[in-house]
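Structural overview for review
One letter stands for each residue in the lines below.
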Amino acid sequence: MASAARSMSAPALMVALALLALAGGGSAQLQFGFYKGKCNASDVEAVVQGLVKARFARENPIVAYLLRLQFHECAVNGCDGGLLIDGPGTEKTAGPNLSVKGYDLIATIKAELEKRCPGVVSCSDIEILATRDAVALAGGQPYAVRTGRRDRRRSVASDVKLPGAEYTAAQAVAYYSRLGMNAYDTVVLLGAHTVGATHCSAIKSSRLYRYGGKPGATDPGMDPATASVYKKYVCPNVSSSDGNAVFLDDQWSAVKVDNHYYRNLQLRRGVLSVDQNLYNDVSTKPIVDQLAGNNGMFLSAFGKVLVKLSEVNVLTGTQGEIRKVCNKFN
(Lines give C-alpha, C1' and ligand atoms only; values in the text may rest on other atoms or scores of the structure.)
Protein backbone atom coordinates (compact mmCIF):
# COMPACT_ATOMS: atom_id res chain seq x y z
CA MET A 1 0.00 0.00 0.00
CA ALA A 2 2.81 2.42 0.92
CA SER A 3 4.75 1.78 -2.32
CA ALA A 4 1.57 2.28 -4.34
CA ALA A 5 0.97 5.64 -2.62
CA ARG A 6 4.55 6.79 -3.33
CA SER A 7 4.18 5.99 -7.03
CA MET A 8 0.98 8.02 -7.35
CA SER A 9 1.16 11.65 -8.45
CA ALA A 10 -0.02 14.31 -6.01
CA PRO A 11 -3.16 15.23 -8.01
CA ALA A 12 -4.07 11.55 -8.45
CA LEU A 13 -3.56 10.92 -4.75
CA MET A 14 -5.86 13.84 -3.89
CA VAL A 15 -8.56 12.46 -6.18
CA ALA A 16 -8.21 9.00 -4.64
CA LEU A 17 -8.52 10.39 -1.13
CA ALA A 18 -11.61 12.37 -2.13
CA LEU A 19 -13.21 9.24 -3.55
CA LEU A 20 -12.42 7.34 -0.36
CA ALA A 21 -14.10 10.07 1.68
CA LEU A 22 -17.20 9.87 -0.49
CA ALA A 23 -17.29 6.09 -0.22
CA GLY A 24 -17.21 6.37 3.56
CA GLY A 25 -20.39 8.44 3.56
CA GLY A 26 -21.23 11.64 5.40
CA SER A 27 -20.63 10.09 8.81
CA ALA A 28 -16.98 11.12 8.54
CA GLN A 29 -18.14 14.73 8.88
CA LEU A 30 -20.31 14.19 11.93
CA GLN A 31 -18.88 15.59 15.16
CA PHE A 32 -19.36 15.29 18.88
CA GLY A 33 -20.80 18.57 20.14
CA PHE A 34 -21.50 19.82 16.62
CA TYR A 35 -24.01 22.41 17.88
CA LYS A 36 -21.86 23.81 20.67
CA GLY A 37 -21.85 27.60 20.34
CA LYS A 38 -24.22 27.52 17.32
CA CYS A 39 -27.55 28.09 19.09
CA ASN A 40 -26.96 31.47 20.72
CA ALA A 41 -26.86 30.85 24.49
CA SER A 42 -28.67 27.51 24.33
CA ASP A 43 -27.21 24.04 24.76
CA VAL A 44 -29.01 22.09 22.00
CA GLU A 45 -28.49 18.67 23.56
CA ALA A 46 -29.67 19.91 26.96
CA VAL A 47 -32.85 21.31 25.40
CA VAL A 48 -33.59 17.98 23.71
CA GLN A 49 -32.87 16.06 26.90
CA GLY A 50 -35.16 18.28 28.96
CA LEU A 51 -38.12 17.86 26.62
CA VAL A 52 -37.61 14.10 26.35
CA LYS A 53 -37.37 13.82 30.13
CA ALA A 54 -40.64 15.72 30.57
CA ARG A 55 -42.39 13.48 28.03
CA PHE A 56 -40.94 10.31 29.57
CA ALA A 57 -42.30 11.34 32.98
CA ARG A 58 -45.81 11.48 31.50
CA GLU A 59 -45.57 8.61 29.03
CA ASN A 60 -42.68 6.21 29.49
CA PRO A 61 -43.56 4.07 26.42
CA ILE A 62 -42.05 6.99 24.47
CA VAL A 63 -38.76 5.06 24.60
CA ALA A 64 -40.29 2.29 22.48
CA TYR A 65 -41.82 4.83 20.09
CA LEU A 66 -38.50 6.59 19.55
CA LEU A 67 -36.47 3.41 19.13
CA ARG A 68 -38.89 2.24 16.47
CA LEU A 69 -38.90 5.67 14.86
CA GLN A 70 -35.09 5.68 14.64
CA PHE A 71 -34.98 2.22 13.11
CA HIS A 72 -37.74 2.87 10.58
CA GLU A 73 -36.00 6.14 9.72
CA CYS A 74 -32.41 4.96 9.38
CA ALA A 75 -33.18 1.66 7.62
CA VAL A 76 -34.70 3.51 4.65
CA ASN A 77 -32.28 5.79 2.77
CA GLY A 78 -30.38 6.48 6.00
CA CYS A 79 -30.97 8.79 8.97
CA ASP A 80 -32.30 11.70 6.96
CA GLY A 81 -35.68 12.79 8.38
CA GLY A 82 -37.59 11.28 5.44
CA LEU A 83 -40.01 9.44 7.69
CA LEU A 84 -41.19 12.70 9.26
CA ILE A 85 -42.66 14.17 6.05
CA ASP A 86 -46.45 14.38 5.73
CA GLY A 87 -48.37 13.93 2.50
CA PRO A 88 -49.59 11.31 0.02
CA GLY A 89 -47.02 8.73 -1.06
CA THR A 90 -44.45 9.62 1.61
CA GLU A 91 -42.54 7.12 3.78
CA LYS A 92 -45.01 7.80 6.58
CA THR A 93 -47.84 6.33 4.47
CA ALA A 94 -46.12 2.98 3.82
CA GLY A 95 -47.79 0.02 5.54
CA PRO A 96 -44.99 -0.75 8.04
CA ASN A 97 -44.96 2.90 9.14
CA LEU A 98 -48.66 3.40 9.78
CA SER A 99 -48.25 2.49 13.45
CA VAL A 100 -45.06 4.47 14.08
CA LYS A 101 -45.42 7.01 16.89
CA GLY A 102 -43.39 9.81 18.44
CA TYR A 103 -43.68 12.37 15.66
CA ASP A 104 -45.29 14.91 17.98
CA LEU A 105 -42.33 14.91 20.36
CA ILE A 106 -39.89 15.50 17.50
CA ALA A 107 -42.09 18.40 16.32
CA THR A 108 -42.19 19.88 19.84
CA ILE A 109 -38.41 19.75 20.16
CA LYS A 110 -37.95 21.27 16.72
CA ALA A 111 -40.34 24.13 17.50
CA GLU A 112 -38.46 24.94 20.71
CA LEU A 113 -35.08 24.92 18.98
CA GLU A 114 -36.39 27.07 16.13
CA LYS A 115 -37.31 29.70 18.72
CA ARG A 116 -33.78 29.65 20.09
CA CYS A 117 -31.77 29.36 16.86
CA PRO A 118 -33.79 29.23 13.62
CA GLY A 119 -32.52 27.02 10.84
CA VAL A 120 -29.68 25.46 12.80
CA VAL A 121 -30.70 22.03 14.15
CA SER A 122 -31.81 19.32 11.73
CA CYS A 123 -34.82 17.10 12.30
CA SER A 124 -32.68 14.02 11.71
CA ASP A 125 -30.31 15.02 14.53
CA ILE A 126 -33.28 15.62 16.83
CA GLU A 127 -34.51 12.06 16.19
CA ILE A 128 -31.13 10.57 17.12
CA LEU A 129 -30.63 12.75 20.22
CA ALA A 130 -34.17 12.15 21.48
CA THR A 131 -33.83 8.37 21.14
CA ARG A 132 -30.53 8.40 23.00
CA ASP A 133 -32.00 10.37 25.88
CA ALA A 134 -35.08 8.15 26.11
CA VAL A 135 -32.94 5.00 26.21
CA ALA A 136 -30.94 6.40 29.13
CA LEU A 137 -34.13 7.36 30.99
CA ALA A 138 -35.45 3.81 30.55
CA GLY A 139 -32.43 2.24 32.19
CA GLY A 140 -30.08 2.01 29.24
CA GLN A 141 -26.42 2.96 29.43
CA PRO A 142 -25.83 6.59 28.36
CA TYR A 143 -23.94 6.88 25.09
CA ALA A 144 -22.56 9.77 23.07
CA VAL A 145 -23.67 10.49 19.51
CA ARG A 146 -22.12 12.61 16.81
CA THR A 147 -24.29 15.26 15.22
CA GLY A 148 -24.26 17.39 12.09
CA ARG A 149 -26.83 15.48 10.02
CA ARG A 150 -28.92 17.32 7.46
CA ASP A 151 -32.40 16.50 6.20
CA ARG A 152 -32.96 14.87 2.82
CA ARG A 153 -35.46 16.25 0.32
CA ARG A 154 -36.91 12.83 -0.43
CA SER A 155 -39.66 10.75 1.17
CA VAL A 156 -41.22 8.03 -0.99
CA ALA A 157 -43.38 5.18 0.29
CA SER A 158 -42.02 2.70 -2.26
CA ASP A 159 -38.54 3.09 -0.74
CA VAL A 160 -39.75 1.49 2.50
CA LYS A 161 -38.49 -2.08 2.71
CA LEU A 162 -38.29 -3.26 6.31
CA PRO A 163 -37.64 -6.71 7.80
CA GLY A 164 -40.61 -9.00 8.40
CA ALA A 165 -41.88 -10.25 11.75
CA GLU A 166 -41.49 -13.82 10.48
CA TYR A 167 -37.90 -13.54 9.25
CA THR A 168 -35.51 -16.38 9.97
CA ALA A 169 -32.28 -15.48 11.76
CA ALA A 170 -30.43 -15.77 8.44
CA GLN A 171 -32.87 -13.39 6.76
CA ALA A 172 -32.55 -10.90 9.61
CA VAL A 173 -28.75 -11.00 9.50
CA ALA A 174 -28.81 -10.54 5.72
CA TYR A 175 -31.16 -7.56 6.02
CA TYR A 176 -29.10 -5.81 8.68
CA SER A 177 -25.89 -6.43 6.75
CA ARG A 178 -27.23 -3.82 4.28
CA LEU A 179 -26.96 -1.33 7.12
CA GLY A 180 -23.37 -2.31 7.90
CA MET A 181 -24.31 -4.65 10.75
CA ASN A 182 -22.92 -8.12 11.46
CA ALA A 183 -24.68 -11.04 13.15
CA TYR A 184 -23.76 -9.82 16.65
CA ASP A 185 -25.07 -6.32 15.87
CA THR A 186 -28.29 -7.83 14.52
CA VAL A 187 -29.00 -9.77 17.72
CA VAL A 188 -28.19 -6.70 19.82
CA LEU A 189 -30.34 -4.37 17.73
CA LEU A 190 -33.33 -6.69 17.94
CA GLY A 191 -32.88 -6.30 21.69
CA ALA A 192 -34.82 -3.07 21.15
CA HIS A 193 -37.78 -5.40 21.64
CA THR A 194 -36.96 -5.22 25.33
CA VAL A 195 -39.47 -2.35 25.26
CA GLY A 196 -42.76 -1.83 23.46
CA ALA A 197 -45.56 -3.97 22.13
CA THR A 198 -47.05 -5.42 18.98
CA HIS A 199 -50.63 -6.49 18.25
CA CYS A 200 -52.33 -9.87 18.19
CA SER A 201 -52.68 -9.59 14.42
CA ALA A 202 -48.89 -10.02 14.18
CA ILE A 203 -48.89 -13.46 15.79
CA LYS A 204 -52.37 -14.99 15.47
CA SER A 205 -51.85 -16.60 12.08
CA SER A 206 -48.11 -17.11 12.16
CA ARG A 207 -47.78 -18.54 15.67
CA LEU A 208 -51.09 -19.27 17.40
CA TYR A 209 -53.77 -20.54 15.01
CA ARG A 210 -52.33 -21.22 11.54
CA TYR A 211 -48.69 -22.14 12.06
CA GLY A 212 -47.20 -23.38 8.80
CA GLY A 213 -50.50 -22.57 7.09
CA LYS A 214 -52.31 -25.37 8.94
CA PRO A 215 -55.67 -24.38 10.49
CA GLY A 216 -55.60 -24.67 14.27
CA ALA A 217 -51.84 -25.29 14.42
CA THR A 218 -49.75 -23.53 17.08
CA ASP A 219 -46.02 -22.94 16.68
CA PRO A 220 -44.37 -25.84 18.54
CA GLY A 221 -41.40 -23.58 19.15
CA MET A 222 -43.43 -21.40 21.51
CA ASP A 223 -43.56 -22.28 25.19
CA PRO A 224 -46.92 -24.12 25.58
CA ALA A 225 -47.90 -22.25 28.74
CA THR A 226 -47.21 -18.91 27.09
CA ALA A 227 -49.17 -19.92 23.98
CA SER A 228 -52.08 -21.01 26.17
CA VAL A 229 -52.21 -17.64 27.94
CA TYR A 230 -52.14 -15.78 24.63
CA LYS A 231 -54.90 -17.92 23.14
CA LYS A 232 -57.14 -17.81 26.18
CA TYR A 233 -56.75 -14.25 27.45
CA VAL A 234 -54.82 -11.96 25.08
CA CYS A 235 -55.42 -13.08 21.50
CA PRO A 236 -58.52 -15.29 21.31
CA ASN A 237 -59.29 -16.54 17.84
CA VAL A 238 -61.80 -13.82 16.94
CA SER A 239 -61.25 -10.84 14.68
CA SER A 240 -62.04 -8.39 17.49
CA SER A 241 -58.77 -9.35 19.23
CA ASP A 242 -56.57 -8.31 16.29
CA GLY A 243 -55.77 -4.91 17.79
CA ASN A 244 -55.06 -6.15 21.32
CA ALA A 245 -51.60 -5.26 22.57
CA VAL A 246 -48.98 -7.95 23.13
CA PHE A 247 -45.91 -6.81 25.08
CA LEU A 248 -42.65 -7.82 23.39
CA ASP A 249 -41.11 -8.38 26.81
CA ASP A 250 -42.84 -9.28 30.08
CA GLN A 251 -45.20 -6.47 31.00
CA TRP A 252 -43.24 -5.49 34.12
CA SER A 253 -40.16 -5.01 31.92
CA ALA A 254 -41.83 -3.56 28.84
CA VAL A 255 -40.64 0.02 29.41
CA LYS A 256 -37.23 -0.93 30.81
CA VAL A 257 -34.13 -1.31 28.66
CA ASP A 258 -32.52 -4.52 29.92
CA ASN A 259 -31.55 -8.03 28.80
CA HIS A 260 -34.75 -9.72 29.95
CA TYR A 261 -35.82 -10.04 26.30
CA TYR A 262 -33.00 -12.55 25.73
CA ARG A 263 -33.91 -14.55 28.81
CA ASN A 264 -37.40 -14.93 27.40
CA LEU A 265 -35.94 -16.29 24.17
CA GLN A 266 -34.12 -18.95 26.18
CA LEU A 267 -37.49 -19.92 27.68
CA ARG A 268 -39.13 -19.99 24.21
CA ARG A 269 -41.25 -16.97 25.13
CA GLY A 270 -40.23 -14.75 22.23
CA VAL A 271 -43.30 -13.03 20.83
CA LEU A 272 -42.48 -12.52 17.16
CA SER A 273 -41.07 -15.33 15.04
CA VAL A 274 -38.03 -13.21 14.16
CA ASP A 275 -37.24 -12.89 17.86
CA GLN A 276 -37.53 -16.57 18.74
CA ASN A 277 -35.69 -17.55 15.56
CA LEU A 278 -32.56 -15.90 16.96
CA TYR A 279 -32.47 -18.63 19.59
CA ASN A 280 -33.51 -21.40 17.22
CA ASP A 281 -30.57 -20.78 14.88
CA VAL A 282 -27.20 -22.29 15.80
CA SER A 283 -25.33 -19.25 14.49
CA THR A 284 -27.12 -16.67 16.65
CA LYS A 285 -28.06 -18.79 19.69
CA PRO A 286 -24.64 -18.33 21.38
CA ILE A 287 -25.01 -14.55 21.07
CA VAL A 288 -28.44 -14.70 22.72
CA ASP A 289 -27.01 -16.82 25.54
CA GLN A 290 -24.14 -14.39 26.03
CA LEU A 291 -26.41 -11.35 26.23
CA ALA A 292 -28.97 -13.13 28.41
CA GLY A 293 -26.29 -13.83 30.96
CA ASN A 294 -24.79 -10.35 31.17
CA ASN A 295 -26.99 -7.26 31.39
CA GLY A 296 -24.01 -4.90 31.45
CA MET A 297 -22.70 -6.40 28.22
CA PHE A 298 -26.07 -5.90 26.55
CA LEU A 299 -26.43 -2.30 27.71
CA SER A 300 -22.95 -1.42 26.47
CA ALA A 301 -23.45 -3.18 23.13
CA PHE A 302 -26.92 -1.69 22.64
CA GLY A 303 -25.63 1.87 22.86
CA LYS A 304 -22.85 1.08 20.40
CA VAL A 305 -25.16 -0.50 17.85
CA LEU A 306 -27.60 2.43 18.10
CA VAL A 307 -24.70 4.76 17.34
CA LYS A 308 -23.80 2.59 14.36
CA LEU A 309 -27.40 2.71 13.15
CA SER A 310 -27.54 6.48 13.65
CA GLU A 311 -24.70 7.03 11.17
CA VAL A 312 -26.13 5.05 8.25
CA ASN A 313 -26.04 7.05 5.00
CA VAL A 314 -26.33 10.50 6.58
CA LEU A 315 -26.18 13.84 4.79
CA THR A 316 -23.72 16.45 6.09
CA GLY A 317 -22.07 19.69 5.09
CA THR A 318 -24.11 21.45 2.43
CA GLN A 319 -26.12 18.37 1.43
CA GLY A 320 -29.89 18.38 1.87
CA GLU A 321 -31.41 21.09 4.05
CA ILE A 322 -32.24 22.12 7.60
CA ARG A 323 -36.04 22.10 7.67
CA LYS A 324 -38.03 24.85 9.34
CA VAL A 325 -40.59 22.27 10.45
CA CYS A 326 -40.01 18.55 10.40
CA ASN A 327 -43.12 17.37 8.55
CA LYS A 328 -42.53 19.26 5.29
CA PHE A 329 -39.69 20.27 3.02
CA ASN A 330 -38.59 23.91 2.99
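If you're wondering where the values come from, they're calculated on a predicted model, not measured in any experiment.

This part covers the packing of aromatic side chains. Counted under the stated rule, the structure contains six aromatic pairs. Measuring from centroid to centroid gives 5.4 Å for tyrosine 175 and tyrosine 176, while their planes differ by 80°, and the two rings are edge-to-face. Of the two residues examined, tyrosine 175 and tyrosine 176, each falls in the buried class. These aromatic residues form a ring-pair network of at least three members: Tyr261, Tyr262, Phe298 and Phe302. Over the ring of tyrosine 103 we find lysine 92, and its NZ or CZ is 4.1 Å from the ring centre. Here the guanidinium or amino end of arginine 178 rests over the ring plane of tyrosine 175, the centre of that ring lying 4.7 Å away.

Another point: the UniProt feature "binding site: Ca(2+) 1" (unreviewed entry) in the protein. Mapped onto the present numbering, the UniProt feature "binding site: Ca(2+) 1" (unreviewed entry) falls at Val76, Gly78, Asp80 and Glu91. Their sequence span is 16 residues, while the largest C-alpha to C-alpha distance among them is just 12.4 Å; these annotated residues converge on one region. With respect to the element layout, valine 76 can be found in the loop between helix H4 (62–74) and helix H5 (103–116). With relative accessibility at 1%, the residue valine 76 sits in the buried group. Not counting residues up to four positions away in its chain, the partners in contact with valine 76 are Glu91, Asp159, Val160, Lys161 and Leu162. The topology assignment puts glycine 78 in the loop between H4 and H5. For glycine 78, a relative accessible area of 2% gives the class buried. Leave out the neighbours within four places in its chain, and glycine 78 touches Glu73, Val312 and Asn313.

Calculation criteria
- Residues numbered from 1 in each chain as written.
- Predicted model: local features only at pLDDT ≥ 70, side-chain atom pairs only at ≥ 80, totals over all residues.
- Heavy atoms only, no water.
- Phe/Tyr/Trp six-rings, centres within 6.5 Å; stacked < 30°, edge-to-face > 60°.
- Buried < 20%, exposed > 50% of the residue type's maximum accessible area, 1.4 Å probe, protein only.
- Lys NZ or Arg CZ within 6 Å of the ring centre and 35° of its normal.
- UniProt positions renumbered as here; feature names shortened; annotations may be inferred.
- Helix = DSSP H or I, 4+ residues; strand = E, 2+ residues; numbered from the N terminus.
- Contact = heavy atoms within 4.5 Å.

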